[in-house]
Amino acid sequence: MSMHNLSGKVAVVTGGSSGIGLATVELLLEAGAAVAFCGRDANRLASAEAALRQRFPEAALHTQCCDVLDAGQMQRFAADSQAKLGAASMLVCNAGQGRVSTFATTSDEAWQDELNLKFFSIIRPVRAFLAQLESQPDAAIACANSLLASQPEPHMVATSAARAGVKNLVRSLAVEFAPKGIRVNGILIGLVESGQWQRRFEAREERDLDWTQWTARLARGKQIPLARLGLPLEAARALFFLVSPLSAYTTGSHIDVSGGLSRHV
């Protein structure tokens, strides 16, 4: 895949120690960007950093253990990142996971937790890095969101509602930040291989099915036209496109990365 040359640019990725976030970090490093990424799990963060430094020994890289919901931690991450690498011109907001629950089984506390996570995992990083983004030409923010934002599922009622709000937030930020020269976009992810799916696979009852067979059956059951789960790299490529100058005339939009699962025209 031909990459845009991002030498001299600084990118920031939240939730960058595994999955889609880590794949995005790798793409940005491959393109020559200096990259800062954070995560909550110190061990996972250290493991990801060690692997990246081995693969990209000359890369400018900064990692920091940080909870995106903690305003103080995010401000420190932003300050430390700028001191180490320079002002960021690209921000990828990738933190968050899904909650399986119906309306009847979702408590008030669960609602509050879910809404807080989905909104403030974007609000906190954007606030922390906004001044840096404003100082850079061709600045951009890309947010990982879910197809649930447009196609809600009753067994994920809280996550679906929160994801729809995030889709609206992305559009609102895009309009507000356009005069500042900052583009804001998102991606809508369907079923992508992740730690969550791996844990469900390990807890499966059908022990005779391997990972490929199990995920293929899952894809058939979900009626995914491409008949498989997506790969983290495939979602990461969409985030890379949106946060890089390759999408210089795109803002306020979302790319569908769902293998055709979306039923909307």
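Here, the structure is the one placed above.
Rules used throughout
Residues numbered from 1 in each chain as written. Predicted model: local features only at pLDDT ≥ 70, side-chain atom pairs only at ≥ 80, totals over all residues. Heavy atoms only, no water. Helix = DSSP H or I, 4+ residues; strand = E, 2+ residues; numbered from the N terminus. Rg over C-alpha atoms; globule rule 2.2 N^0.38 Å. Buried < 20%, exposed > 50% of the residue type's maximum accessible area, 1.4 Å probe, protein only. Contact = heavy atoms within 4.5 Å. Areas by Shrake-Rupley, 256 points an atom, 1.4 Å probe, with all protein chains shown as cover. Lys, Arg positive; Asp, Glu negative; His and termini not counted. Charge placed at Lys NZ, Arg CZ, Asp CG, Glu CD. Pairing = 2+ DSSP bridges. Right-handed = clockwise from strand over helix to strand, strands pointing away. Phe/Tyr/Trp six-rings, centres within 6.5 Å; stacked < 30°, edge-to-face > 60°. Lys NZ or Arg CZ within 6 Å of the ring centre and 35° of its normal. Disulfide = S-S within 2.5 Å. Axes fitted to C-alpha atoms, helices over the stretch in contact; angles between N-to-C directions. Parallel < 35°, antiparallel > 145°, perpendicular 65-115°, else oblique. Left-handed = near helix turned anticlockwise from the far one by under 90°. Nonpolar A, V, L, I, M, F, W, Y, C, P; charged D, E, K, R; others polar.

Q: Just checking my understanding: could you explain the overall build of the protein for this structure?
A: Of regular secondary structure, the protein possesses eight helices and seven strands. For the protein, whose C-alpha radius of gyration is 18 Å, the value lies close to the compact-globule estimate of 18 Å for 265 residues. Its C-alpha atoms put the protein at 50 × 40 × 35 Å along the principal axes. Within the protein, buried positions represent 48% of all 265 residues. Contacts spanning at least 24 positions in sequence make up 74% of the contacts within the protein whose residues lie at least 6 apart. For the protein, the exposed surface amounts to about 12,700 Å²; the carbon and sulfur share of it is 52%. Positive and negative side-chain charges of the protein, numbering 26 and 24 respectively, have mean locations separated by a distance of 3 Å.

Q: Would you take a moment to explain the pairing of strand S1 (residues 10-13) for this structure?
A: Every other side chain in a regular strand lies on the same face of the sheet, so the side chains alternate between the two faces. Every second residue of S1 is oriented toward a common face, with Val10 and Val12 on one face and Ala11 and Val13 on the other, all of them buried. Here four bridges tie S1 to strand S2 (residues 34-39), and the two strands are oriented parallel to one another. Paired with Val12 across the bridge in S2 is Ala36. Crossover S1 to S2 through helix H1 (residues 19-30) is right-handed. Two elements, S1 and strand S4 (residues 90-93), share three bridges in a ladder whose sense is parallel. By the bridge assignment for S4, Val12 is matched with Leu91.

Q: Sorry, what's going on with unusual backbone geometry here?
A: Not every positive phi belongs to a glycine, and Asp138 is a case in point at roughly 60 degrees. On the basis of relative accessibility, which here comes to 49%, the residue Asp138 falls in the partly exposed class. Although it is not a glycine, Gln223 adopts a positive phi angle of roughly 60 degrees. If you trace the backbone, Gln223 turns up in the loop between helix H7 (211-221) and helix H8 (232-243). Judged by relative accessible area, Gln223 falls into the exposed class, the value being 66%.

Q: I tried to follow the packing of aromatic side chains on my own but got confused; where do I start?
A: Two measures describe an aromatic ring pair: the distance that separates the ring centres and the angle between the ring planes. Tallied over the entire structure, the rule returns five aromatic pairs. Summarising the aromatic geometry, the rings of Trp211 and Trp214 are spaced 6.0 Å apart at their centres and angled 25 degrees between planes, so their arrangement reads as stacked. Of the two residues, Trp211 and Trp214 are both situated in helix H7; the distance of three residues between them amounts to about one turn of the helix. Trp214 gets classed as buried once you look at its relative accessible area, which sits at 10%. Positioned above the aromatic ring of Trp197 is the side chain of Arg200, whose terminal nitrogen or guanidinium carbon lies 4.5 Å from the ring centre. The positively charged end of Arg204 is found above the aromatic ring belonging to Phe201, 3.9 Å away from the centroid.

Q: Teacher, can you tell me more about the state of the cysteines here?
A: One covalent bond between the sulfur atoms of two cysteine residues makes up a disulfide. Using the criterion set out here, one finds zero disulfides in the structure. Cysteine Cys38 shares no disulfide, and the gap to the nearest cysteine sulfur, in Cys66, comes to 4.7 Å. With no disulfide of its own, Cys93 lies closest to Cys143 among cysteine sulfurs, the gap being 4.4 Å.

Q: Just to check I follow, could you spell out the sheet that holds strand S3 (residues 61-65) for this structure?
A: One key point about sheets: their strands pair by backbone hydrogen bonds, in either a parallel or an antiparallel sense. With parallel pairing, the seven strands of this open sheet are ordered in space as S3-S2-S1-S4-S5-S6-S7. For this open sheet the edge positions go to S3 and strand S7 (254-257), each flanked by a neighbour on one side alone. Neighbour-to-neighbour, the strand axes of this sheet turn through a mean angle of 15 degrees, independent of strand direction. Packing of H1 onto the sheet brings it into contact with S1, S2, S3, S4 and strand S6 (182-189), and relative to S1 it is tilted by some 170 degrees. Across the sheet, helix H3 (residues 71-85) is in contact with S1, S2 and S3; its angle to S3 comes to roughly 160 degrees.

Q: Hey, could you run me through the packing of H1 against helix H2 (residues 42-55) in this one?
A: Each packed pair of helices is defined by two parameters, the angle between the axes and the distance between the axes. The geometry of H1 relative to H2 is characterised by a closest axis approach of 12 Å and an angle of 25 degrees between their N-to-C directions. Here H2 runs roughly parallel to H1, going by the angle between their axes. Here H1 runs over H2; the crossing is right-handed. Within the contact between the two elements, H1 uses Leu22, Val25, Glu26, Leu29 and Glu30 and H2 uses Ala48, Leu52 and Arg55. A per-class count over the contact of H1 with H2 returns five nonpolar, no polar and three charged.

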